[in-house]
Amino acid sequence: MSMTKVVFMGTPQFAVPSLDALLDAGYEVVGVFTQPDRPVGRGHRLAVCPVKARALERGCPVFQFEKIRRPEGVAQLRALQPDVMVTAAFGQILTQEVLDIPVRGVVNVHASLLPKHRGSAPINWCILQGDETAGVTTMLTAAGIDTGDMLLKRETPIGELETAGELTDRLSRIGAELLIETLSKYLSGKIAPIPQDEAQSSYEPMLDKDMGRIDWTRPAREIARQVRGLNPWPCAYTDSAAGRLKVYLARPVDGEPGAQPGTVVASGAKEGLIVACGEGRLELMEIQAPNAKRMAVRAYLSGKRIEPGTRFGVEE
């Protein structure tokens with residue numbers, strides 16, 4: 001196993017357990033490729049991505065190219081002579097020239113049950129669309145976006161209040177375990193790759209901040225999925241006379257709306273914060289009020305008031 005030379009490509013925290021798993025299993029990771037450092041915050045300080053930080057901790061050579069498909073990226077990959085490449089949320093599309101470099105191809109760890117939820121935000125979309133289960137698929141990368149032949153899958157139920165961030169953490173660990181099982185079986189010829197059924201495929205776009213705005217005329221169950229699916233980013237929000245309120249966790253509760261959508265129908269440290277929707281009611285459970293810290297709603301309401309009758313979704 002240690003004779004197998006692996007190039008790893010990944011960027012966010014989701015990919016870190018997969019890199020750790022490769023190293024812990026004894027694979028020779030000859031290079032780790034990540035996205036370039038990006039400026040963050042008001043000071044525009046260059047931030048090191050999670051995969052780069054872990055690779056440096058563990059003594060792996062790190063390479064960062066704005067576009068791996070350019071001649072200098074291709075030349076560096078060729079020089080490393082990998083037997084196999086592993087990708088996990090790398091963030092760049094690989095050309096056929098890049099895919100042809102490793103002798104045994106490119107194995108990708110994708111956080112959905114393919115062919116559903118192709119694209120860059122599969123975990124968010126499975127919550128947004130109300131899936132009851134999520135999972136990870138290992139696949140052979142092809143020139144399309146998440147279109148390659150599948151190797152292994154692992155499925156897991158989605159918790160009733162599980163957020164995209166929490167599910168990402170779980171799937172990152174599931175993906176790391178599945179990667180090691182996949183490589184062992186694939187490199188020894190014990191897996192036959194399975195083509196994806198295009199008729200069952202779905203592709204969703206990248207997330208953007210505008211997706212966070214809550215439309216209170218929608219059913220409470222849909223808004224609750226929006227809140228969980230966009231936590232931690234870009235985060236659901238609603239406007240009010242007091243300013244923008246971010247909503248990190250919410251759940252539908254029994255009862256008719258009883259008021260115009262977006263109206264607070266109950267508010268207090270005991271009963272919580274209940275808002276009328278187009279269908280049903282929504283209990284806000286974790287919020288960040290204007291000029292305040294993110295906190296549990298009942299803790300917030302023990303010191304502050306949000307009056308019943310307050311309208312959300314209306315800028316005044």
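Residues numbered from 1 in each chain as written. Predicted model: local features only at pLDDT ≥ 70, side-chain atom pairs only at ≥ 80, totals over all residues. Heavy atoms only, no water.

**Some thoughts on the environment of Leu273**
How we decide: Numbered from the N terminus, helices here are DSSP runs of H or I no shorter than four residues, and strands are runs of E no shorter than two. Under the scheme applied here, a residue whose accessible area is under 20% of the maximum for its type counts as buried, over 50% as exposed, and between as partly exposed, the area being computed with a 1.4 Å probe on protein chains only. Throughout, a residue-residue contact means that at least one pair of heavy atoms, one from each residue, lies within 4.5 Å.
Inspection of the secondary structure assignment puts Leu273 in strand S13 (residues 272-276). Classification of Leu273 as buried rests on a relative accessible area of 0%. Linking Leu273 and Ser120, residues 153 residues apart in sequence, is a C-alpha distance of 34 Å. Apart from residues no more than four positions distant in its own chain, Leu273 is found in contact with Val264, Ala266, Ser267, Leu282, Glu283, Leu284, Val297, Leu301 and Ile306.

**Topic: the packing of helix H1 (residues 16-24) against helix H6 (residues 164-187)**
Between two packed helices, what matters for the description is the angle formed by their axes and the separation of those axes. This is how the line gets drawn: For helices, the fitted axis covers only the stretch in contact; all axes are lines through C-alpha atoms, and the angles between them, taken along N-to-C directions, range from 0 to 180 degrees. Each helix crossing is assigned a hand: it is left-handed if the near helix lies turned anticlockwise from the far helix by less than a right angle, otherwise right-handed if that turn is clockwise. When residues are sorted by character, Ala, Val, Leu, Ile, Met, Phe, Trp, Tyr, Cys and Pro go into the nonpolar class, Asp, Glu, Lys and Arg into the charged class, and all the rest, Gly among them, into the polar class.
Their axes nearest at 8 Å, the elements H1 and H6 cross at an angle of 35 degrees. By crossing handedness, the relation of H1 to H6 is classed as right-handed. Contact residues: Pro17, Ser18, Ala21 and Leu22 in H1; Ser172, Arg173, Gly175, Ala176, Leu179, Ile180 and Leu183 in H6. Its residues assigned to classes, the contact of H1 with H6 comprises seven nonpolar, three polar and one charged.

**Here's the deal with the packing of aromatic side chains**
Counted only if it meets this: Two aromatic rings from Phe, Tyr or Trp, using only the six-membered ring of Trp, form a pair when their centres are within 6.5 Å; if the ring planes differ by under 30 degrees the pair is stacked, by over 60 it is edge-to-face, and anything between is tilted. The criterion is that NZ of a Lys, or CZ of an Arg, lies within 6 Å of the ring centre and within 35 degrees of the ring normal, and then a charge sits over that ring.
Scanning the model with the defined rule gives three aromatic pairs in all. Among the aromatic residues, those joined into a cluster by ring pairs are Phe33, Phe63 and Phe65. Here Arg104 stacks its cationic end above the ring of Tyr186, 5.1 Å away from the centre of that ring. When the ring centre of Tyr248 is taken as origin, the NZ or CZ atom of Arg294, which lies over that ring, is 3.8 Å away.

**Notes on the packing of H1 against helix H2 (residues 50-57)**
This is how the line gets drawn: Roughly parallel means an angle under 35 degrees; roughly antiparallel means over 145; roughly perpendicular covers 65 to 115; every other angle is labelled oblique.
Across the interface, H1 lies against H2 with an axial gap of 9 Å and an inter-helix angle of 25 degrees. Compared by their axis directions, H1 and H2 come out roughly parallel. Between H1 and H2 lies a crossing of right-handed hand. Residues Val16, Leu19 and Asp20 of H1 pack against Pro50, Val51, Arg54 and Ala55 of H2. Broken down by class, the residue content of the contact of H1 with H2 amounts to five nonpolar, no polar and two charged.

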